[in-house]
Amino acid sequence: MTDITTSAPVQDHGSAEPQLRSRAARFFEAWPPMTIAALAWIGAMLVIALGADLLAPYSFTAFDLKARLQPPLGFGGPLNHALGTDELGRDVLSRLIVSIRLSLLIAFFGTLIAATLGTSLGILAAHFRGRTEAVILMLIDFQASMPFMIIALAVLAFFGNSLTLFVILMGFHSWERYARIARGLTLSANEQGYAAAVRQLGAGSWRIYGRHVLPNIASTLIVSMTLTFPEIILLESGLSFLGLGVQPPLTSLGNMVGYGREYITRAPWILLAPSVVIVLTTLSISIVGDWLRDRLDPTLR
Amino acid sequence: MLFFITTRLARAALTIAFVVTFAFVVLRLSGDPAMLILSVDAPPEAIEAFRRSWGLDRPIWEQYAAYAIKALSGDFGNSMRDGRPAIELVLERVPMTLAITLPALLIKLFVGIPAGVFAALHRNSMIDRLTMMVSVAGFTVPSFVLALVLVLIFAVQLGWLPSGGSESWQHAILPIVTLGAAGAAVLARFTRSAMLEVLGQPYIRTASAKGVPWRRVIADHALPNAAIPTVTIIGFMIGSLIAGAVVVESVFAWPGVGRLLVAAVSNRDLAVVQAILLAIALSMVAANLVVDIAYGWLDPRLRRSRGHA
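Residues numbered from 1 in each chain as written. Chains lettered and ligands numbered in written order. Predicted model: local features only at pLDDT ≥ 70, side-chain atom pairs only at ≥ 80, totals over all residues.

**Observations concerning the overall build of chain A**
A count of helical and extended segments in chain A gives 12 helices and 0 strands. Along the chain direction, N to C, the helices and strands of chain A fall in the order α-α-α-α-α-α-α-α-α-α-α-α. Sequence separation of 24 or more characterises 69% of the internal contacts of chain A that already satisfy a separation of 6 or more. (Helix = DSSP H or I, 4+ residues; strand = E, 2+ residues; numbered from the N terminus. Contact = placed C-beta atoms within 7 Å.)

**Considering the overall build of chain B**
A tally of helices and strands in chain B yields 14 helices and 0 strands. For chain B, the succession of helices and strands along the chain, N to C, is α-α-α-α-α-α-α-α-α-α-α-α-α-α. Principal-axis analysis of the C-alpha atoms places the extent of chain B at approximately 85 × 60 × 25 Å. The buried share of chain B, taken over its 309 residues, is 37%. Restricting the contact set of chain B to residue pairs at least 6 apart, pairs at least 24 apart contribute 73%. (Buried ≥ 20, exposed ≤ 12 C-beta atoms within 10 Å, placed from the backbone.)

**Concerning the interface of chain A and chain B**
Of the residues lining the interface, 35 residues belong to chain A; the matching set on chain B comes to 37 residues. Those elements that place two or more of their residues in the side of chain A that touches chain B are α5 (130-145), α6 (148-159), α10 (205-241) and α12 (269-296) of chain A. The element best represented in the side of chain A that touches chain B is α6 of chain A, accounting for 9 residues. A class-by-class count of the residues in the side of chain A that touches chain B yields 25 nonpolar, 8 polar and 2 charged. (Nonpolar A, V, L, I, M, F, W, Y, C, P; charged D, E, K, R; others polar.)

**Notes on the packing of helix α2 (residues 33-50) of chain A against helix α4 (residues 92-128) of chain A**
Residue and element names in this part refer to chain A. The contact between α2 and α4 brings their axes to 8 Å, and the two run at 100 degrees. Compared by their axis directions, α2 and α4 come out roughly perpendicular. Contacts from Met45, Ile48 and Ala49 in α2 reach Ile97, Ile100, Arg101 and Leu104 in α4. Of the residues in the contact of α2 with α4, the class split is 6 nonpolar, no polar and 1 charged. (Axes fitted to C-alpha atoms, helices over the stretch in contact; angles between N-to-C directions. Parallel < 35°, antiparallel > 145°, perpendicular 65-115°, else oblique.)

**Remarks on unusual backbone geometry**
Each neighbour pair has its own omega, and for Pro248 of chain A with Pro249 of chain A the value is 10 degrees, a cis peptide bond. Of note, Pro249 of chain A is situated in the loop between α10 and α11 (253-260). Even without a glycine there, the phi angle at Ala253 of chain B is positive, about 50 degrees. By the secondary structure assignment, Ala253 of chain B is in the loop between α11 (246-251) and α12 (257-267).

**Here's the deal with the packing of helix α6 (residues 126-140) of chain B against helix α8 (residues 170-199) of chain B**
What describes two packed helices is the angle between their axes and the distance between those same axes. Residue and element names in this part refer to chain B. For the pair α6 and α8, the least separation of the axes is 8 Å and the interaxial angle reads 125 degrees. Taken as axis vectors, α6 and α8 run oblique relative to one another. Between α6 and α8 lies a crossing whose hand is left-handed. Residue-level inspection shows Thr131, Val134, Ser135, Ala137, Gly138 and Phe139 of α6 in contact with α8, the latter providing Ala181, Ala182, Ala185, Val186, Ala188 and Arg189. Taken together, the residues of the contact of α6 with α8 sort by class into 8 nonpolar, 3 polar and 1 charged. (Left-handed = near helix turned anticlockwise from the far one by under 90°.)

**Re helix α10 (residues 214-239) of chain B**
Residue and element names in this part refer to chain B. For α10, which comprises 26 residues, the first-to-last C-alpha distance of 35 Å matches the rise-based estimate of 38 Å (1.5 Å per residue) to within 8%. Helix geometry: α10 is bent most strongly at Pro229, by close to 45 degrees. Of all the positions in α10, only Ile218, Ala222, Ala226, Thr230, Ile234, Gly235, Met237, Ile238 and Gly239 are classed as buried. Contact partners of the buried residues in α10: α5 (86-121), α8, α9 (202-209) and α13 (270-298). (Expected span 1.5 Å × (residues − 1). Bend = angle between axes of the 7 residues up to and from the residue.)

**Thoughts on α9 of chain B**
Where burial is concerned, little of α9 of chain B is hidden: 0 out of the 8 residues are buried. Immediately beyond the C-terminal end of α9 of chain B, within one or two residues, lies Gly211 of chain B, with a positive phi of roughly 95 degrees.

**Quick word on the confidence of the model for chain B**
Residues and elements named next belong to chain B. Summarising the model, chain B shows a mean pLDDT of 81, and 91% of its residues fall at 70 or more. For chain B, helix α14 (residues 300-308) is the element with the lowest average pLDDT, namely 55, and α5 is the one with the highest, namely 89. Scoring the predicted complex yields pTM 0.82 and, for the interface, ipTM 0.80. (pLDDT = per-residue confidence, 0-100.)

**Re the environment of Ala195 of chain A**
All names here are of chain A. Among the structural elements, Ala195 can be located in helix α9 (residues 193-200). Of the residues examined, Ala195 has 19 C-beta atoms within 10 Å and is grouped as partly exposed. Distance from Ala195 to His212, taken between C-alpha atoms, is 7.1 Å for residues 17 residues apart in sequence.

**Focus: the confidence of the model for chain A**
On average, residues of chain A score 80 in pLDDT, and 88% of them are at 70 or above. When mean pLDDT is compared element by element in chain A, α4 of chain A scores highest at 90, while helix α1 (residues 2-30) of chain A scores lowest at 58.

**Observations concerning the environment of Thr228 of chain A**
Residue and element names in this part refer to chain A. Structurally, Thr228 is set in helix α10. You can call Thr228 buried: it has 27 C-beta atoms within 10 Å. Residues Thr228 and Gly260, 32 residues apart in the sequence, show an inter-C-alpha distance of 27 Å. For Thr228, the residues in contact, after removing those within four places along its chain, are Thr111, Ala114, His173 and Ser174.

Written out as structure tokens, the structure is:
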């Protein structure tokens, strides 16, 4: 009796420790700390984007000419402007919050358009083969052979700029990646048993592609979306930085940097705050994308 | 081999035709040129005369053919801003752009490739981790942020280098470093994964198993095979020698093609935009062609399999 009571805890102690450690190790293997941090950052950005109106302490266009170019809190700035103010006395934090919302929205819809467009074209190419496929492959070649920023600039030069046009334009970025993937995967799916089996059962093309092929290639497409999303953030911010993307009074992260460039010596915080957000956001999405790829799709390496 | 080159040439011609068509279609879609140049309330006779003199009253395919012939001979009309031929404006900017993109390309090649090879050969070492960290930064830090951070450090804080302009060779340093650093990071990552892929192949194991010294295994077996995928991205870099500095030129007020493009886009100077579009397309297509031929040379399997197809 005493033997058991004295030895049991010891035994327990001896076996529980490594088990506990390995459980923690296993947890961190599945959820590396970097990934958790990246997910946390993305979560924070989503909360900011969704709650921008509630979170922004001031209106992003409200100016306070008495409080111009105030440094951020901790660098000698006042309490009421945590990230300082710009040269019109507008609150940098409020502008940052509103910019995050617009940049994320553009990247979100851009990615969605690119994925939908590319996947549809890819499946069409694989379904019809022949001339349709040749034309789509030619378009893919063309898109891949020109730097997209140049195409985007040309379109903006011809059509001028509106937010709707700009978002649609961003959606044309990297559609060819989805088209390629969707075409390749659909071709191989069509050769596999399951697609042939449902076709034998009398399912139409829509049903086969929508209910059977698409779910099977979804994970690869989702992983590609984690590549497109940060790319569109970078593209949008680059164009907005040049003054050719999002137009004032609207503001995006790139806009803020482009505008803050004028005050780089006197008020570097105007451009540093949005720069940090751009870098951390694209970095986080890339980290999560890598992690997702390893989890969802070990073939795509 | 002849068939291989002909198909590649045909593809290159097709891409150029595509760019010209794209420019034509977009130009026509973007509005009536008569309305753009004359005002909306111009008298109908003036609009009619304008249409006739520009050939806008002819059938669309005739307009297209005329446009294509003019475009391919480099005639895009005059810049709306200073009245000079658009192609001339573009061509005189090309040397300025090359003055920063060529040295940057050398940095990319001579830093990026060795770093990638070294990282792959010493996988999971400190240097490998460091290379990977820097290269992730190269993907996620936009070039204008990198440029501005460099300006903040070297021009504003330290005062060592000028922050913009093109008066002396010192003005070129920051643009070159910005372009080179980002590209080197991308190339290092790419080279590393190409190299790792090759190092896992059975022929590497065979070579070292039969007693070939490790150095020679790397030099004779690993590097040439890893070069094949890397050539694609280098080709893209060579092709974007003219196009790749749009943002960086704007940050550093460097008077190259990229800055001209940005100015032309914001002024809607369509002749200049079209000329630049075609110049960039030509350089991309030429680079792609060279890459394709280099592929055939590096990888005889490709040449033969496509040649028979």
